[in-house]
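Take a look at the letters that make up each chain.
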Amino acid sequence: MENKPVALITGCSTGIGFETALLLARRGWRVFATLRDVKKSGPLRKASAGMPLEILPLDVDRTASVRRAVAGVVRKAGRIDALVNNAGWGAFGALEEFSDAEIRAQYETNVFGLLRVTREVLPILRRQKAGKVVHIGSLAGQMTFAGIGLYCSTKYAVEAITESLRLEARPFNIQVAVVEPGSIKTPFKVNRRKAVAFVEGRSAYQKTLQAILAFGDNPSALAPGPVRVAQTVARALESRRMAARYRVGLDAVLFPLVRWFMPDFLYDFALRRMYARFRKA
Amino acid sequence: MESNQVVLITGANSGFGLACAKALAERGFRVYGTYRNPRKAGPLRDLAAGLPVFPVLMDVNRTASVEKGVGRVLKREGKIDVLLNNAGFVVAGFWEDLSEEDTLAQFETNVFGVLRLARAVLPSMRKRGSGKIINIGSIAAFAATPVLGAYSATKSAVNSITEALRMETREWGVDVTEINPGEIQTNVVENTRLGRDVRSKSSPYRAFTESFERFAQERFRHAAPVGKLVQTVLKAVGDHPTKRRYLVKFEDRILYWMRWLMPDAVWEWALGLTFPWSKRV
Ligand SMILES: NC(=O)c1ccc[n+]([C@@H]2O[C@H](COP(=O)([O-])OP(=O)(O)OC[C@H]3O[C@@H](n4cnc5c(N)ncnc54)[C@H](OP(=O)(O)O)[C@@H]3O)[C@@H](O)[C@H]2O)c1
Ligand SMILES: NC(=O)c1ccc[n+]([C@@H]2O[C@H](COP(=O)([O-])OP(=O)(O)OC[C@H]3O[C@@H](n4cnc5c(N)ncnc54)[C@H](OP(=O)(O)O)[C@@H]3O)[C@@H](O)[C@H]2O)c1
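Thresholds, definitions, all that
- Numbering of residues starts from 1 in every chain and runs along the sequence as written.
- Whichever chain is written first is A, and whichever ligand is written first is 1; the rest continue in order.
- Since the coordinates come from a predicted model, pLDDT governs what is reported: local features require at least 70, and pairs of side-chain atoms require 80 or more to be given and counted, while whole-chain, interface and lining totals use all residues.
- Side-chain metrics rest on all non-hydrogen atoms present in the structure, leaving aside hydrogens and water.
- Here a helix means four or more residues in a row that DSSP labels H or I, a strand means two or more in a row labelled E, and each is numbered from the N terminus.
- Two residues qualify as a contact provided that any one of their heavy atoms is within 4.5 Å of a heavy atom in the partner residue.
- The term buried area means the drop in 1.4 Å probe accessible area that two parts suffer when joined, counted for both and summed.
- For this document, the term salt bridge refers to a Lys or Arg side-chain nitrogen within 4 Å of an Asp or Glu carboxyl oxygen.
- N or O atoms within 3.5 Å of each other form a polar contact, as long as, within protein, one can give a hydrogen and the other can take it, and as long as residues adjacent in sequence are counted only when both atoms are side-chain atoms.
- Classification convention: Asp, Glu, Lys, Arg as charged; Ala, Val, Leu, Ile, Met, Phe, Trp, Tyr, Cys, Pro as nonpolar; all other residues, Gly among them, as polar.
- Paired strands are those between which DSSP finds at least two bridges.
- Lines fitted to C-alpha atoms define the axes, with helix axes restricted to the stretch in contact, and inter-axis angles between N-to-C directions lie between 0 and 180 degrees.
- Only residues whose relative accessible area exceeds 30% and that take part in no salt bridge are eligible for patches, with like-charged residues grouped when within 9 Å of each other and nonpolar side chains (Val, Leu, Ile, Met, Phe, Trp, Tyr) grouped when within 5 Å.
- To measure how exposed things are, a 1.4 Å probe is used in the Shrake-Rupley method; for residues, cover is taken only from the protein chains shown.
- Summary of the burial criterion: residues with accessible area below 20% of their type's maximum are buried, those above 50% are exposed, and those between are partly exposed, where the area comes from a 1.4 Å probe applied to protein chains only.
- Handedness of a crossing is defined here by the sense of rotation of the near helix relative to the far one, left-handed for an anticlockwise turn of less than a right angle and right-handed for a clockwise turn.
- Here, the term right-handed applies to a crossover whose path from the first strand over the helix to the second runs clockwise when the strands point away from the viewer.
- Here, expected helix span is obtained from the residue count minus one, scaled by 1.5 Å.
- Note on bend: at a given residue it equals the angle between the axes fitted to the 7 residues ending there and to the 7 starting there.
- Here a Phe, Tyr or Trp ring, Trp counted by its six-membered ring, pairs with any other such ring whose centre lies within 6.5 Å, and the pair is stacked when the planes are under 30 degrees apart, edge-to-face when over 60, and tilted otherwise.

K.L.:
Explain unusual backbone geometry residue by residue, including any values.
P.N.:
Residue B:H240 is joined to B:P241 through a cis peptide bond whose omega torsion reads -5°. Within the secondary structure, B:P241 is located in the loop between α7 (227-238) and β9 (245-247). Backbone geometry places A:K129, a non-glycine residue, at a positive phi of 55°. With respect to the helices and strands, the residue A:K129 is situated in the loop between α4 (100-128) and β6 (131-136). Of note in the backbone geometry, A:N173 takes a positive phi value of approximately 65° without being a glycine. Here A:N173 shows up in the loop between α5 (149-169) and β7 (174-181).

This is the structure we're talking about:
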């Protein structure tokens, strides 16, 4: 146990965090799997029986909680080799109609939360003169989709955070990367928080949003499971030099590629046509 | 010319905002320019003495202030044809040198401020079936560098916000676009907020920050005058429909296309040639 590399992962109750924690533990890491609410730790506890995996509470929205968790890991393991910033959720609604509180809540987790954990862990990695940080970004950090504009904007921010932090940390032998999954089969969509204006049926965009929801909730047969993302995270963490970004899923690879070849006006036209279909649905 | 067109410009007492207020008023627009600090409103008041420019008190960080300011314009004019979301500033420092408050302040103005203004003007624009929102982004949205990571993150988020709003509001006849300038001579450097620990003797990034500062000062010494930006704004105001995004200077276009064409590894190598931080410590 002593010479195993140590990983700290946020948001491990379900989905990508859950599978990443298990996979890393199986691959010889000592894993600190953290959850916002340890009452939800049953399934992970069961699945990880006998593995070098410990569960700790960590709510990325709260500074005190982040400090306590990171200090706990250092006390127990003495070091951190990898941080996986996975905790996140998606807001759904028209950009115009989110209240201040809704905007703040979305950023609190996806952006400020990610920064909070990173800020706490960086000094440790620096002292070790080694370490890796992986952010779970999204295809939504490369392209903006209707109905989830607020969520996309947080993931765009994560892209810029990765790009700048990657260069800032390099002289200290700390590597930073972003993993960009496309659509993945996890409870992510169920856990989505819909804008109050939409839930109460008083949105000016009501019908369009409903059509987008109906479209997006059709489970795609092509969407990979969270294990695929976990495998990519493991591959990144176990490589000698991490690339800047890793894409997971056909959509995450293809969409940006198509976009890359398209002139702006054509992309604009394509988006408009797609959005118009929701409107008329 | 377009004598009855009403424009609302945030942050109009300085830099871009002030120059655009003058140019638009000279072309017959009725310009409402916001300021938040009466002691710094001098240049705007001087402008108002000879042109159809009307100063409005507004702090984009506060919802009540935004609603009140926009409400006053709507009451007087009955409409806002163009919103120029311009108020913004720069937080500088390596990520580890920024406090939570620094980061929050950066997003509060540059991102949440943009959303607040959009929320305040859109209902009236949708009702009239016309209107235009021009967000001032930055070339930093596409090219994140050390020291300006937080700023880049906010401008990347704005990039996504523009894209979402552009899709979502089109059916109401509202046009949303973005301008992404590179360095231009304004008060942006004087108004830059340094992260909490940037000047701290114990900051591990001290040497890097200093060399970056010298680099930035040099670049801003040769920055283009504000006239280039004004031309672009006038073009965006006049275009029906607008382009998806507007770049300002030739150098900005080169940078944009380089980033577009280069794989991450090549881009980072090229950045490393320009900046001195890639050495190990
Ligand atoms: N699924 C996709 O299609 C997809 C695609 C691209 C990117 N992603 C990203 O992947 C990451 C994981 O999502 P997922 O698909 O695995 O969805 P998920 O099953 O809903 O998992 C999200 C996890 O984040 C946790 N979390 C939320 N807020 C938190 C907070 N304040 N503090 C600590 N933990 C918090 C959740 O905990 P609770 O159970 O307590 O809520 C949960 O464990 C997210 O960042 C998401 O944006 C997902
Ligand atoms: N200059 C450049 O090279 C450059 C390049 C790319 C993008 N930009 C962007 O262009 C925009 C304008 O910047 P600038 O270069 O003209 O800089 P500037 O001369 O510093 O002007 C910024 C303006 O924004 C106002 N402002 C800042 N925070 C505010 C708040 N919370 N509420 C209301 N007003 C606020 C300032 O008011 P006070 O005077 O009271 O502080 C000032 O009027 C910014 O969004 C900036 O990020 C600038």
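K.L.:
So, the interface of chain B and chain A: which residues are in play, and what are the values?
P.N.:
In this assembly, 57 residues from chain B lie in contact with 57 residues from chain A. Carbon and sulfur atoms supply 57% of the area that chain B and chain A bury against each other, a total of about 5200 Å² over both sides. Summed over the three residues of chain B that lose the most area to chain A, namely B:W95, B:M167 and B:E168, the buried surface amounts to 14% of that side. The salt bridge partner of A:R126 is B:E96, with a shortest N-O separation of 2.6 Å. Run the count over chain B and chain A and you get 24 residue pairs in polar contact (both at pLDDT 80 or more). Of all the secondary-structure elements, those providing two or more residues to the side of chain B that touches chain A are α4 (100-128), α5 (149-169), α8 (250-261) and α9 (264-274) of chain B. The element contributing the most residues to the side of chain B that touches chain A is α5(B), with 15 residues. Residues belonging to the side of chain B that touches chain A are distributed by class as follows: 29 nonpolar, 11 polar and 17 charged.

K.L.:
Pulling in residues and values, what's your account of the sheet that holds β9(B)?
P.N.:
Residue and element names in this part refer to chain B. With respect to topology, 7 strands assemble into an open sheet ordered β3-β2-β1-β4-β6-β7-β9, the strand pairing being parallel. The open sheet terminates on both sides in strands that have one partner only, identified here as β3 (53-57) and β9. Each adjacent strand pair in this sheet contributes to an overall mean axis angle of 20°, direction not counted. Strand direction decides the pairing type here: strand β4 (residues 82-85) and strand β6 (residues 131-136), joined by 4 bridges, are parallel. Bridge assignment links L83 to a residue of β6, and that residue is I133.

K.L.:
Describe the sheet that holds strand β1 (residues 6-9) of chain A, listing the residues and the values that go with them.
P.N.:
All names here are of chain A. An order of β3-β2-β1-β4-β6-β7-β9 is seen for the 7 strands of this open sheet, with the pairing classed as parallel. Bordering the open sheet on either side are β3 (53-57) and β9 (245-248), each of which pairs with just one other strand. Ignoring strand direction, the axes of neighbouring strands in this sheet form an average angle of 20°. Two strands pair when backbone bridges link them, and strand β4 (residues 82-85) and β6 are joined in this way by 4 bridges, in the parallel orientation. The residue bridging L83 from the neighbouring strand is V133, located in β6. Across the sheet, α4 touches β1, β4, β6 and β7, and the angle it forms with β4 is around 175°.

K.L.:
Give a detailed account of the pairing of β3(A), specifying residues and quantitative values.
P.N.:
With 5 bridges joining them, strand β2 (residues 30-35) of chain A and β3(A) adopt parallel strand pairing. Residue pairing across strands places A:L35 opposite A:P57, the latter belonging to β3(A).

K.L.:
Account for a nonpolar patch on the surface, naming residues and giving values.
P.N.:
A grouping of A:L222, A:L250, A:L254, A:F255, A:L257, A:W260, A:F261, B:W257 and B:L261 is seen on the molecular surface, where their side chains present a nonpolar patch of about 980 Å² in accessible area. Secondary structure elements with two or more residues in the nonpolar patch: α9 (250-261) of chain A together with α8 of chain B. When residues in the nonpolar patch are grouped by element, the largest group, 6 residues, is from α9(A). Tracing the sequence through the fold places A:L254 in helix α9. Given a relative accessible area of 39%, A:L254 falls into the partly exposed group.

K.L.:
Go over the packing of helix α3 (residues 63-77) of chain B against α4(B) with me, naming the residues and quoting the values.
P.N.:
Residues and elements named next belong to chain B. At a closest axis distance of 9 Å, the pairing of α3 and α4 adopts a crossing angle of 30°. By crossing handedness, the relation of α3 to α4 is classed as right-handed. Where α3 abuts α4, its residues T63, V66, V70 and L74 lie against R116, L117, R119, A120, V121 and S124. Within the contact of α3 with α4, the residues separate by chemical class into 6 nonpolar, 2 polar and 2 charged.

K.L.:
Got a sec to walk through the pairing of β6(A)? Specific residues and values, please.
P.N.:
Residues and elements named next belong to chain A. A large share of β6 lies buried, amounting to 6 of its 6 residues. When β6 meets β7, the two strands line up parallel, connected through 6 bridges. The residue bridging V133 from the neighbouring strand is V176, located in β7. Where the polypeptide runs from β6 across α5 and back to β7, its parallel neighbour, the crossover connection is right-handed.

K.L.:
Any chance you could break down α4(A) for me, citing the residues and the numbers?
P.N.:
All names here are of chain A. Helix length check: α4 (29 residues) gives 40 Å between terminal C-alpha atoms against 42 Å at 1.5 Å per residue, within 8%. By the largest-angle criterion, E108 marks the main kink of α4, which is about 50°. A large share of α4 lies buried, amounting to 21 of its 29 residues. Downstream of α4 by a residue or two, K129 has a phi angle that is positive, lying close to 55°.

K.L.:
I'd like to hear about the pattern of salt bridges, residue by residue, with values.
P.N.:
Within the structure shown, the criterion is met by 45 salt bridges over all chains. One salt bridge connects A:D37 with A:K39, and the closest N-O pair in it is separated by 3.9 Å. For A:D37, a relative accessible area of 28% translates into the label partly exposed. B:E77 serves as the salt-bridge partner of B:R30, at 2.8 Å between the closest nitrogen and oxygen. Here B:E77 lies in helix α3 and B:R30 lies in strand β2 (residues 30-35), a separation of 47 residues in the sequence. Residue classification places B:R30 among the partly exposed positions, given a relative accessible area of 27%. Each of A:E159, A:E163, A:E180, A:R245, A:R247, B:R259 and B:D264 takes part in a single network of salt bridges with overlapping partners.

K.L.:
With reference to specific residues and values, describe the packing of aromatic side chains.
P.N.:
As enumerated under the stated definition, the model contains 20 aromatic pairs over all chains in all. For the pair B:Y256 and B:W260, a centre-to-centre distance of 6.0 Å together with 25° between the ring planes defines the contact as stacked. Taken together, the residues span about one helical turn, with B:Y256 and B:W260 both in helix α8 at a distance of 4 residues. Of the two residues, B:Y256 and B:W260, neither departs from the other in class, the shared state being buried. Linked through ring pairs, A:Y107, A:F112, B:F107 and B:F112 together constitute an aromatic cluster.

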